Every structure is written in structure tokens, then in C-alpha cells.
Number of protein chains: 2
Amino acid sequence: MKAAILAVGSELLGTVRLDTNSLAITEAFERHGVELRRKAVVGDSEEDLAAELAGLLSGHQLIVLTGGLGPTSDDITRTAVARALGRGIEIREELVGAIAARFHQMGLEMPAVNRRQAEVIDGATVLTNARGTAPGLRLDAGPTTLFLFPGVPWELDGMIGEYLLPWLAEHLDGDLRETAVLKVACLPESTLEERIAPAYGEFGREAITVLARPGDIEVRASAGGPEAERRERLGAMTRRLDALIGRAVYAHRDTTLEEVVGELLRRAGVTLVTAESCTGGLVAERLTRVPGSSDYFLGAAVTYSNELKMALLGVSPALLGAHGAVSEEVAAAMALGARERLGADYALALTGVAGPGGGTEEKPVGTVHIALASPEGITSHRRLGYPGDRQRIRWLSSQVALEMLRRHLLSTLGTESPGAGTLGEGAPA
Amino acid sequence: MKAAILAVGSELLGTVRLDTNSLAITEAFERHGVELRRKAVVGDSEEDLAAELAGLLSGHQLIVLTGGLGPTSDDITRTAVARALGRGIEIREELVGAIAARFHQMGLEMPAVNRRQAEVIDGATVLTNARGTAPGLRLDAGPTTLFLFPGVPWELDGMIGEYLLPWLAEHLDGDLRETAVLKVACLPESTLEERIAPAYGEFGREAITVLARPGDIEVRASAGGPEAERRERLGAMTRRLDALIGRAVYAHRDTTLEEVVGELLRRAGVTLVTAESCTGGLVAERLTRVPGSSDYFLGAAVTYSNELKMALLGVSPALLGAHGAVSEEVAAAMALGARERLGADYALALTGVAGPGGGTEEKPVGTVHIALASPEGITSHRRLGYPGDRQRIRWLSSQVALEMLRRHLLSTLGTESPGAGTLGEGAPA
């Protein structure tokens, strides 16, 4: 089945907003093996939308439109679709009543303009919108089915679940496509690609997608076909990718590194603090994004100045003088000081040059030292030298710090991975 | 002039990537008053792209295509455009030489596949790409001009500056459109809309755009016409909007609240620390995103546990027992303690319930206390009660904290605003 997505709204043709709704619709399509051939954005012009639709009707069996179902004169989707299909349109009084009831529920009178939202194109099925006043419509035009959905993301999500997915399930005979996710920390994209190259050969290049963000890669493997076969194939792909990528796989679901580290800390029954210079609190901020993180995260000393490194963490002036704030020695002293003074089982410390200024020949921008202190003392140290801008260097530093802790906790817990079965040996990131 | 933008690439039809290139092109269009009528994404299919183009050629005087200029068989933009226009295409040997030279510069041999990038459609002008191997093309087809640009954002940016903007300037007679920006902190969107309603009447609704993010609104006013007239109008709109919005305007350019607060701290010659509980270091992290922030930001105590509130900030157990960690009293004690123990002129302290758990009837999720300590003691306090999820509550809290400090520094410095002329009295956010 070939499909197109059409977003309606002049605000989506400006310099700031993008049509992000299409991603949620595409996800529903992918689940059911629907082939998205094109997507487009048109402004609030009845003429433009009708012309665009006329072009799409031939060659697509499914067209999903979003937006333009509001009550104002800008909202032209209903009338434009009627025009493109050469159909009539009329206001249904029972729908007006339902919309008015919604307003009453909120203690408001329905403004007169909202009557327009009760317009129904001839032959269309009305799709009640539980999350807003704009009903959706579904209609068949020859071999093509059109869905008209509201553009508010929260309302659209509801409509996808309530109407689009069931329709796809009914019309596509349970030929589902499912996706397995592997999240990978701190591997360069090219290294990952090299490692997984054999899997491309074995399972087909189109079955595996790699989405790389700095220090964080998502590998998506998808399979179709009957359920048992599909599940088996997904399992085989996941096991193979796990073996190829190794220990850098930190999760088998859509999650974050800070969440996985948090789970491991909770499982180990230990607490953590951070001591941060160049990252300015980013590691603490990431850890505390996770609800319930107060169970294992106690706090942080953000010691941007040398004075605070001494006052809060007890780093000695002699050490700072001898090695400079950006050094393995000071990172270690920060970690040990934080662990002791802030009273936790583990402490991560980061000190570096995030730039753009402050770099020297010996310690260029991007030089970051990270130390992990555990009950046994300094457990690991890394020196980074990533290129890039300030935010990238800070982000990558926080990512490596969390990954150092994850690897350590895994070995402490005697677990090789948070969810995988047998794993090959991964080189460190 | 009516225009369309067409992005080519199957990866842009998946569930994750969006065509963000169109935003940069739209910005160039808006500068020159070009009317963007539609934008579309098609996959790597010569047939689909040729069909899409055929539909766009009538009715658009300008079409910008991005992507699909690489060397592999997936890269079908050149051949699809030739097909849509019914033109021939051939490899130009002098271009092959230039591409090979680029590879040599990097110490590499040109792979044979890259010869394809030297394909030129009959009648096209070659646009050298200083940032990559894929040259662009410009061609006229009747009343329509087409630009074929690479899809790599960094390369595209170069092409826009080098070819698109000069072409627009030449063909649109200097009829520029310019935009003035006002950044506004901590006003609800509906309040802002109410305040600026008179300006819609005076300058026209289409001249003013409001882009709202939580706690941070960007108001964009734009004007066209001859330079002197346009500038005068922009000045008049900015002054009027300043007067209507009041002191919540924190900048007249595209910047962030943390950068503006940093400038004020530097101008006042004072230093800052933060003491954070529910925000987990977010305020410190935001402040240190700004290069050079070590000039005025010393550090932070992230005291997620009560023990650390006592140990690092000297908050008394009695106070915690009497009022609870989320209280005005504890926020004040945290701010005073941080100021004294961390040794700064100012301290911002935040303590609250970010959720989703931890709320009570008396202190529901969203309750956050913020205190500002200055050399004169506690200078201001706010109690927030924003609805929303954890990240939203944390973000809004950080925004209000920075705004409290900005307002205080403005009055200390005897300035009403960082850049405006006369300002009306704005109600506090």
C-alpha cells in the first residue's frame, strides 16, 4: 500500500516550525508495512491544498491529512478536500450539539465560529475526537482512502490510536512490521558501521537502520511477516547485533543512558555524587531527569572556580599549582573529595576545557579528564580529546562519564549487559 | 515570486529524521519576500521525483531541491530533473578533474562512482561547492528557475550564501524583508497575546509572529519595502511592542536568558552561585553553556538529599523538620548558605517537587520555591505552581530563577532593559 502525508498550515511554511506530526503517522505506517512515498506541507490556501490533493489521488491508496480542521476561516482542509473530490459539504446539527456540549463541560458557551467544525463532506465517516473539538473524517475516493486528522499533536496521537491503527490492522491482514532497538554509547558511528557490516550482509541492508547522535547511537532492526517468523527474525538480529557491537550496547529499548545507569545504581543499592567543572552540572542534571533518582543520587558539587575545588572538594592548592585544574591528578582528587565529603559510594568527577577559549598547546579545547571514585579508590580514568563546539564537548564528556560508571557497575554486579543474552567482547569506546 | 522546496531522500521519510534544510532556505526566501507555497519530501525514486517536479513546475517561479546529488545509485536528483524537463545529461570531464582534485587534497584517490557527480543537465549552470564534492546546478525552465543543492546542511548553508541569496537580490530588486526579534521571559502566551493585541491592529496581523516555548517567547516583527522606510517601520514596531510587553522583554536579538543574565553579571562586576535541589543542576548547567561564564559564575551545590542541604549549605535540621525541604524558609536558608559558604555576591536557590511522585495535598507536584540572596540578604522569593511534567517544571523553574536575577540586576544597574529605549511598566511574570 502506497501512502502520502499532507500537513496543512501556513505556520509550517515559516522559518521555525516543522511538520513533526508526520513522524507519528510514519511510525504507524511502518508497523503495518505501509510504504510512505511522499510527504508535503501546504499553507492555508484552499486552492493550493485542492491542487496538491488532486496530484496525490492517483498513485496513493492512503492519504493522511493533518491540520486545518479548526473553526476559523484559515481552516480550509474540509472545504479543500470536498473541492478536490467534487463533493458537497454540510453542517451536521448533531455534531454541533456534541461540540457545544464539550464547551459546556468546560463551563463555556460555544463560540458561533465553532459550528464550522461540524461540516461533513458527503460520504465521509465522522471520527469523534476525544481530546479536542475538531472531529476527524475518513472517506473513500475510488481506490484511495483519506483520513482528515487535527494538527494538535496530542489530539492527533489519540486519533492515530483510535482510528488509523485499527484501520491499518483491518486492511493489511495482520502483516505487521516490528522494530527492535539497540542503544549504543560512546562508539564512533564509523566504528559501529564497521562492526555491524556482517549483519547487513546476513539480514539485508534495508532491515537495519543506524541513527547516530553524538556519543549515542540507535540501531533499529525491523522485520515483517507472520508473527512467529517475525519474532524469531527480530530475536536473531538482536542477538547478532549484540555480539557484533559488544558491551557498548546499553539498552534494548528506547531509553537514555542516565536511566540505565540509575537502574544499575538502584540494583546495586549504592549512591552517587558528581563533582563537575567543565560540564557545569550537566551530569547531575541528566541523572536527575529520571523520576525517583533521589533514591541513588545525592547531589553534586559544581566547582567552576579553583577556589570551590579547594573549598568544597578539598583539592589541594599544591596539586592545582603543579598540574593545573585540567589534569588527571585533579580529576582524581575531585572524585575522591566528592565521595568523601558528599558521602556517597561512588563519585564521578570531570574537569576540562570546553572552549571556545582557554585552550593551550598542551591542553587544547576538548581536553577533558574524567575520574570515577569507588569504595576501592580511583576505579578508572579517561582523558578525552574530542573536537567540536562547547555544547558537544560537554555532552560527550557527560556521556563518557555515565558510560564509565555503567561499565563499572556491570562488572560489579556480574552482569554483562542490562538485557542481552550472550554478548561478544566489545572494545572500550 | 512563488516558490517551492523539495527535499530528496528516503531517510527523510522514516520515523526519525525531518527535512530541516527547508528552514534555512525559507529564511533566505523571507528576507527577499519570496512566497513559499509548499514544501515536499520524496524518496530516492527517479519516477516519484520527476512526477513531483512536473506538478510543481506550473505555478512556481522558483524551486529549490536539496539532496540526492551524491555519487551512488540512490542519488537520483540530477537524472530525475533531466527527465522531468525532457533534457539530456552528460558528464563534464573538467568537473571530474575538480572532484578528483578535492580527493587528492585529502590524500585520497577519487572512487570511480564519484564521476557521476560531474553529470550536468543540458543548459544548466554549474555551482561549485566549496564545502563538498557534489556541485550544485541552476537551470531555467520557461518561467521557472530551479536550484539543485546538496543535502548536507553545512554544504547547503554555503550554497545558499554563495548562490541563492545573490540570485534573489539580483532578481528581486533589493525588495528586502527584515525581521526584528524580541525575546520575552516567563509570560504566559495568552497574557502576551492580550498585551500585544493593539500592535496587531496598528501594524497588521501578518507583520507580527509569536513563537511560544515554555517560559520563553519569541516575538518576530517583519517589514518590507525600501530600506529607510523598512527600518523606520521596524523601529516603530519594536518600540511599540516593548511598551506593550514591558520589562519581560529580555533581549532584542536571538539569544538566551542565561546569556543576558551573564552579561548583566559581568557589567555589574559581581559573582553568582546556585543551590539546587529539584532542578538538579539545570540552572548551573544553563549558566555555564555561555562561553566565558567562569568570569562571573563560581559554581553550585546540587543538594538533592537533605543531608547535603545541611552539610554543604548549613541548612539547619530544625528548619527542615519544621517546614519541610520544599518551603520558602528552606529556599531562603539554601540561598544564604550558598552565598556565604561558596563565597559569591549572589546566590539563587531552588527547592521543589518536580514529580511525577512526591506530591502532597499541601505541596502538589509543581510546587517550587526560589530564593535570591544578595549582599543585602534575601532579595526576592517566588513560589511556583506550574502544571506539567518533570522536565517542564524543572525548565520553568530555571527560567523563573534566571528572570528573578535579571530583574534584580537591572534595577541594581539602574537600567530598565538590556537594549530597549523607553519601556512601559510590565507586570511581573
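Residues numbered from 1 in each chain as written. Chains lettered and ligands numbered in written order. Predicted model: local features only at pLDDT ≥ 70, side-chain atom pairs only at ≥ 80, totals over all residues. Heavy atoms only, no water.

As a further point, take the overall build of chain A. When helices and strands are tallied, chain A shows 13 helices and 17 strands. Relative to the compact-globule value of 22 Å for 429 residues, chain A shows a C-alpha radius of gyration of 28 Å, a clear excess of over 25%. Taking the principal axes of its C-alpha atoms as reference, chain A extends roughly 85 × 55 × 40 Å. Expressed as a percentage of its 429 residues, the buried residues of chain A come to 57%. Contacts in chain A between residues far apart in sequence, at least 24 positions, make up 67% of those at least 6 positions apart. Carbon and sulfur atoms make up 51% of the accessible area of chain A, which amounts to about 16,900 Å² in all. Computing the positive centroid from 43 side-chain charges and the negative centroid from 56, chain A places the two 3 Å apart. (Helix = DSSP H or I, 4+ residues; strand = E, 2+ residues; numbered from the N terminus. Rg over C-alpha atoms; globule rule 2.2 N^0.38 Å. Buried < 20%, exposed > 50% of the residue type's maximum accessible area, 1.4 Å probe, protein only. Contact = heavy atoms within 4.5 Å. Areas by Shrake-Rupley, 256 points an atom, 1.4 Å probe, with all protein chains shown as cover. Lys, Arg positive; Asp, Glu negative; His and termini not counted. Charge placed at Lys NZ, Arg CZ, Asp CG, Glu CD.)

Residue and element names in this part refer to chain B. Reading across from one edge, 10-11-9-12 is the order of the 4 strands in this open sheet, with antiparallel pairing throughout. Two strands in the sheet have a free side with no partner beyond their single neighbour: strand 10 (208–213) and strand 12 (249–251). The sheet shows a mean angle of 30° between the axes of neighbouring strands, taken without regard to direction. Here 6 bridges tie strand 10 to strand 11 (residues 216–223), and the two strands are oriented antiparallel to one another. Within strand 11, the residue paired with Val-210 across the bridge is Val-219. (Pairing = 2+ DSSP bridges. Axes fitted to C-alpha atoms, helices over the stretch in contact; angles between N-to-C directions.)

Mapping one chain copy onto the other needs a rotation about an axis and a shift along that axis. For the pair chain B and chain A, the superposition axis carries a translation of 0.1 Å, the fit reaches an RMSD of 0.2 Å, and the rotation angle comes to 180°. Interpreted geometrically, this transformation is the action of a two-fold axis. Of every C-alpha in chain B, the one belonging to Ala40(B) sits nearest the axis of rotation, 2.0 Å from it. Interface residue correspondence from chain B to chain A reaches 100%, placing this contact among same-surface, isologous pairings. (Least-squares fit on C-alpha atoms with pLDDT ≥ 70 in both.)

This part is about the side chain of Arg220(A). Looking at the element boundaries, Arg220(A) is found in strand 11 (residues 216–223). Within polar-contact distance, the side chain of Arg220(A) engages the side chain of Glu218(A) at 3.0 Å. Excluding anything up to four places from it in sequence, Arg220(A) contacts Thr179(A), Ala180(A), Val181(A), Ala207(A), Ile208(A), Thr209(A), Leu211(A) and Thr15(B). (Polar contact = N/O pair within 3.5 Å; in protein donor to acceptor, adjacent residues only side chain to side chain.)

Time to look at the sheet that holds strand 7 (residues 136–141) of chain B. The mixed open sheet is built from 12 strands, whose spatial order is 6(A)-7(A)-8(A)-3(A)-1(A)-2(A)-2(B)-1(B)-3(B)-8(B)-7(B)-6(B). Two strands bound the open sheet, and with one partner strand each, they are strand 6 (125–127) of chain A together with strand 6 (125–127) of chain B. Put simply, the sheet's adjacent strands are angled 15° from each other on average, direction ignored. Pairing of strand 7 of chain B with strand 8 (residues 144–149) of chain B, which is carried by 5 bridges, proceeds in the antiparallel orientation. Residue pairing in the sheet places Arg138(B) in a bridge with Phe147(B) of strand 8 of chain B.

The next thing to look at is the confidence of the model for chain A. All names here are of chain A. Considering every residue of chain A, the mean pLDDT works out to 92; 96% of them sit at 70 or more. Taken as a whole, residues 418–429 scores under 50 in pLDDT and shows 29 contacts with residues more than four places along the chain or in a different chain. Scored by ipTM, the complex comes to 0.83, with pTM at 0.84. (pLDDT = per-residue confidence, 0-100.)

On to the pattern of salt bridges, then. For the structure shown, the criterion picks out 46 salt bridges over all chains. A salt bridge links Arg115(A) to Glu93(A); the nearest nitrogen and oxygen atoms lie 2.9 Å apart. Taken together, the residues Arg115(A) in the loop between helix 4 (93–105) and strand 5 (119–121) and Glu93(A) in helix 4 connect sequence positions 22 residues apart. For Glu93(A), a relative accessible area of 47% corresponds to the partly exposed category. Through salt bridges that share partners, Glu35(A), Arg37(A), Arg38(A), Asp48(B) and Glu52(B) make up one connected network. (Salt bridge = Lys/Arg side-chain N within 4 Å of Asp/Glu carboxyl O.)

All names here are of chain A. Here helix 6 (residues 189–203) is 15 residues long and its end C-alpha atoms lie 20 Å apart, about the 21 Å a rise of 1.5 Å per residue gives. Of all the bends in helix 6, the greatest, near 45°, is centred on Ile-196, and the proline Pro-198 appears no more than four residues after it. Taken together, the buried residues of helix 6 touch strand 9 (178–185), strand 10 (208–213), strand 11 and helix 7 (227–245). With its phi angle positive at about 95°, Gly-204 sits one or two positions after the end of helix 6. (Expected span 1.5 Å × (residues − 1). Bend = angle between axes of the 7 residues up to and from the residue.)

Our next topic: the interface of chain B and chain A. Counting from both sides, the interface comprises 57 residues of chain B and, opposite them, 57 residues of chain A. Here chain B and chain A share an interface that buries about 4,700 Å² over both sides, 56% of which is from carbon and sulfur atoms. Our count for the chain B to chain A interface comes out at 8 salt bridges. For Arg37(B), the salt bridge is made with Asp48(A), and the minimal N-O distance between the two is 2.8 Å. For the pair chain B and chain A, the interface holds 24 residue pairs in polar contact (both at pLDDT 80 or more). Classifying every residue of the side of chain B that touches chain A gives 25 nonpolar, 17 polar and 15 charged. Bridging between strand 14 (residues 297–303) of chain A and strand 14 (residues 297–303) of chain B involves 5 bridges; their strand directions are antiparallel. (Buried area = accessible area lost by both parts, 1.4 Å probe. Nonpolar A, V, L, I, M, F, W, Y, C, P; charged D, E, K, R; others polar.)

Attention now goes to the packing of helix 6 of chain A against helix 7 of chain A. All names here are of chain A. Contact geometry for helix 6 and helix 7: axes closest at 9 Å, N-to-C directions at 150°. With respect to their mutual orientation, helix 6 and helix 7 come out roughly antiparallel. Both helix 6 and helix 7 take part in a crossing whose hand is right-handed. On the side of helix 6, the interface is formed by Leu-192, Arg-195, Ile-196, Pro-198, Ala-199, Glu-202 and Phe-203, while helix 7 contributes Arg-233, Ala-236, Met-237, Arg-240, Leu-241, Leu-244 and Ile-245. A class-by-class count of the residues in the contact of helix 6 with helix 7 yields 10 nonpolar, no polar and 4 charged. (Parallel < 35°, antiparallel > 145°, perpendicular 65-115°, else oblique. Left-handed = near helix turned anticlockwise from the far one by under 90°.)

Residue and element names in this part refer to chain A. The element strand 15 (residues 346–352) is largely enclosed, with a buried count of 7 among its 7 residues. Of the two faces of strand 15, the one holding Tyr-346, Leu-348, Leu-350 and Gly-352 and the one holding Ala-347, Ala-349 and Thr-351 are both buried throughout. With 5 bridges joining them, strand 13 (residues 272–276) and strand 15 adopt parallel strand pairing. Following the sheet pairing, Ala-275 is matched in strand 15 by Ala-349. Bridging between strand 15 and strand 16 (residues 367–374) involves 6 bridges; their strand directions are antiparallel. Looking at strand 16, one finds that Leu-350 is bridged to Ile-370.

Attention shifts here to empty space enclosed by the protein. Per the counting criterion, the structure on display carries 1 cavity of 30 Å³ or more. Its boundaries defined by the atoms lining it, the largest cavity holds a volume of some 130 Å³. Forming the walls of the largest cavity are Leu18(A), Asp19(A), Ser22(A), Lys39(A), Ala40(A), Val41(A), Leu18(B), Asp19(B), Ser22(B), Lys39(B), Ala40(B) and Val41(B). Elements supplying a minimum of two residues to the lining of the largest cavity: strand 2 (35–42) of chain A together with strand 2 (35–42) of chain B. (1 Å grid on protein atoms, 1.4 Å probe; cavity = no way out; pocket = protein on both sides within 12 Å on 5 of 7 lines; lining within 4 Å. Points joined across faces, edges and corners; volume = space filled by probe spheres on them.)

Quick look at the environment of Ser277(A) now. Residues and elements named next belong to chain A. Looking at where Ser-277 falls in the secondary structure, it is placed in the loop between strand 13 and helix 9 (282–287). Along the sequence, Ser-277 and Asn-306 sit 29 residues apart, while their C-alpha atoms lie 9.2 Å from each other. In contact with Ser-277, other than residues within four places in its own chain, are Thr-303, Tyr-304, Lys-309, Met-334, Leu-350 and Thr-351.

A separate point is helix 3 (residues 77–85) of chain A. Residue and element names in this part refer to chain A. For helix 3, the buried fraction is high: 7 of the 9 residues fall into the buried class. Restricting attention to buried positions, one finds in helix 3 the residues Thr-77, Arg-78, Thr-79, Ala-80, Val-81, Ala-82 and Leu-85. Just past helix 3, the residue Gly-86 takes up positive phi, approximately 65°.

On to the packing of aromatic side chains. Within this structure, the stated rule accounts for 6 aromatic pairs over all chains. On the numbers, 5.4 Å between centres and 35° between planes, the contact of Phe147(B) with Phe149(B) is tilted. As far as burial versus exposure is concerned, Phe147(B) and Phe149(B) are alike and both buried. Through a chain of ring-to-ring contacts, three or more aromatic side chains come together here, namely Phe147(A), Phe149(A) and Trp167(A). (Phe/Tyr/Trp six-rings, centres within 6.5 Å; stacked < 30°, edge-to-face > 60°.)

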